[in-house]
Amino acid sequence: MAKLTKKDAFATRAVHAGVHPDPVHGAVNPAIQLSTTFVQPAPGKPLTFDYSRAGNPTREALEEAIAELEGGATGHAFSSGLSALDALLRTLDAGDHIVAAEDAYGGSIRLLNRVLARQGIKTTFVDTQDPANTQAAMTKKTKVVLLETPTNPLLRVSDIKANAEVAHDGKAMLLVDNTFMSPALQNPLNLGADAVFHSATKYIGGHSDVLAGVVACADKKLGEQVKFLQLAVGAVCPPFDSFLLLRGLKTLVLRMERHGENAAFIAGELAKHKAVGKVFYPGLAKHPNAKVHAKQARSGGGMLSFELHDTKAALACVKKTRLFQLGESLGAVESLVQIPSLMTHASVPAEMRRKTGLADGLIRLSVGVEDKKDLWADLKQAIEA
Ligand SMILES: *Cc1c(COP(=O)(O)O)cnc(C)c1O
């Protein structure tokens, strides 16, 4: 049985975290435990689990792995990335206030504006790249600062440590959406965040076949509240999906290395191309916050975006790609392309898109793990077509 020590590197821990060979057969992988109920030797005295919403062995293996890999006291797995964020935000009360990154994931903005707002929890959106903006938006009622870095789709980078200090000065907690980096490339809890969450649908799953979310909490007290919300609300990650995510974690380091290598290559080629306007990739030296990113993350990751002249040019390009398939989502082995203004960010009001600099001709790439030269040849001919 593999036993991890604190000195083991991330790549080692990613393979073994959460996995305990079963004592009967010695199986190296956790079983997919589909039972929803568990026989109790005496009333109210279950062996370990009683009912699968409250706890399930396969989900618990995943939750242990996420806590281990994000450096958290607790880990929690949900049925989607948004249900993971929702659980964290349900720790708030009516009248509380949130300060959030203005170019956060469109679905996160929708959750804040159209669900939380109706429950009396208001959000102020700011450009968190400058922590002074975060500070200026904080009020006595601010309980949460919500950060995403790098952001989607403009790959803006915010300083996690500096924003954590601002949040804590105002007695608020810092939540970080770490989806774009995955636990392999960035660990916000080590930089002062109180909780980190992921759409595990993306890099953690890595194969476009699981919808899930995960949370890791820095301290047990917040973790207990989140665990209570799993029981009380019930948006938990199913056992089969938990198994797939554990499987995904084992190759996460390998995949992120290739995603990063491919994306850095393509970003470099795009930056040299005459028909391409701005290129947004945190691994490029000329990215405005390249230094902050390099300080808090281990690579530029696999996501990038670039501007073509207008919507028409962008539409013509995405029609012509052969390997980059047109689709929402990101973070899987296959490369995807999309136009945020028409797809993922169509639900963000046009005025807000303009304010954050999201151009109509912006194209976002989720660079997969295919051969980088094949990918660039495909993209190049599409841009030039
Ligand atoms: C996809 C995504 C989410 C939402 O996750 P779901 O699993 O789709 O619910 C949140 N944040 C980011 C950055 C995402 O890309």
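One can find the structure itself at the top, above this paragraph.
Residues numbered from 1 in each chain as written. Predicted model: local features only at pLDDT ≥ 70, side-chain atom pairs only at ≥ 80, totals over all residues. Heavy atoms only, no water.

Engineer: Help me out: how do you make sense of the overall build of the protein in this one?
Structural biologist: Along its length, the protein carries 14 helices and twelve strands. What you see for the protein is a C-alpha radius of gyration of 21 Å, in line with the 21 Å of a compact globule of 385 residues. Each of the three principal axes of the protein carries a C-alpha extent, and together these read 70 × 50 × 35 Å. The buried share of the protein, taken over its 385 residues, is 55%. Accessible area of the protein: about 17,100 Å², with a carbon and sulfur share of 55%. Once the 44 positive and 39 negative side-chain charges of the protein are each reduced to a mean point, those two points are 2 Å apart. (Helix = DSSP H or I, 4+ residues; strand = E, 2+ residues; numbered from the N terminus. Rg over C-alpha atoms; globule rule 2.2 N^0.38 Å. Buried < 20%, exposed > 50% of the residue type's maximum accessible area, 1.4 Å probe, protein only. Areas by Shrake-Rupley, 256 points an atom, 1.4 Å probe, with all protein chains shown as cover. Lys, Arg positive; Asp, Glu negative; His and termini not counted. Charge placed at Lys NZ, Arg CZ, Asp CG, Glu CD.)

Engineer: In this structure, what is going on with the pairing of strand S12 (residues 362–366)? I would like to understand it.
Structural biologist: Each regular strand carries side chains that alternate between the two faces of the sheet. Burial runs high along S12: five of the five residues are buried. Because side chains alternate across S12, one face comprises the buried residues Leu362, Arg364 and Ser366, and the other comprises Ile363 and Leu365, equally buried. Here strand S9 (residues 303–307) pairs with S12 via five bridges, running antiparallel. Each bridged residue has a counterpart across the sheet, and for Leu304 the counterpart in S12 is Leu365. In the sheet, strand S11 (residues 336–338) pairs with S12 via three bridges, with the strands oriented antiparallel. Across the sheet, Val337 pairs through a bridge with Leu365, a residue of S12. (Pairing = 2+ DSSP bridges.)

Engineer: Sorry, what's going on with the sheet that holds strand S7 (residues 213–217) here?
Structural biologist: Pairing between the strands of a sheet is mediated by backbone hydrogen bonds and can be parallel or antiparallel. Pairing within the open sheet is mixed, and its seven strands lie in the order S1-S7-S6-S5-S4-S2-S3. In this open sheet, the two edge strands, each paired with only one partner strand, are strand S1 (74–78) and strand S3 (122–126). Sheet twist, expressed as the mean angle between neighbouring strand axes with direction ignored, is 20°. With three bridges connecting them, strand S5 (residues 173–177) and strand S6 (residues 195–199) associate as parallel partners. Looking across to S6, one finds that Leu175 is bridged to Ala195. Across the sheet, helix H2 (residues 57–70) is in contact with S1, S6 and S7; its angle to S1 comes to roughly 130°. Across the sheet, helix H8 (residues 220–233) is in contact with S1, S5, S6 and S7; its angle to S1 comes to roughly 25°. (Axes fitted to C-alpha atoms, helices over the stretch in contact; angles between N-to-C directions. Contact = heavy atoms within 4.5 Å.)

Engineer: How should the pairing of S9 be read in this particular structure?
Structural biologist: Among the five residues of S9, five are classified as buried, and the element is accordingly described as predominantly covered. A two-sided burial pattern is seen for S9, the buried positions comprising Met303, Ser305 and Glu307 on one face and Leu304 and Phe306 on the other.

Engineer: What is the right way to read the nonpolar core from this model?
Structural biologist: A general trend in soluble globular proteins is that nonpolar side chains are found buried together. Counting 52 residues, the largest nonpolar core has Leu62, Ile66, Leu174, Ile204, Val214, Leu245 and Leu249 as its most contacted members. When residues of this core are assigned to domains, at least three fall in each of domain 1 (10–250) and domain 2 (253–384). Grouped together as the second largest cluster of nonpolar side chains are 28 residues, Phe78, Leu92, Phe125 and Met173 included. (Core = buried A, V, L, I, M, F, W, Y, C linked by side-chain atoms within 4.5 Å. Domains from an automatic or database assignment.)

Engineer: What am I meant to see in the packing of aromatic side chains here?
Structural biologist: A ring pair, where both rings are aromatic, is described by two values, the distance of the centres and the angle of the planes. Overall, the coordinates contain one aromatic pair when judged by the stated rule. For the pair Phe38 and Phe49, a centre-to-centre distance of 5.8 Å together with 40° between the ring planes defines the contact as tilted. Linking Phe38 in the loop between helix H1 (10–16) and H2 with Phe49 in the loop between H1 and H2, this pair joins segments that are eleven residues apart in sequence. On the accessibility criterion, Phe49 (13% relative accessible area) is buried. Here the basic side chain of Lys202 rests over the ring of Tyr105, its NZ or CZ set 5.2 Å away from the ring centre. Here Lys372 stacks its cationic end above the ring of Phe265, 5.3 Å away from the centre of that ring. (Phe/Tyr/Trp six-rings, centres within 6.5 Å; stacked < 30°, edge-to-face > 60°. Lys NZ or Arg CZ within 6 Å of the ring centre and 35° of its normal.)

That is the geometry; function is a separate question.
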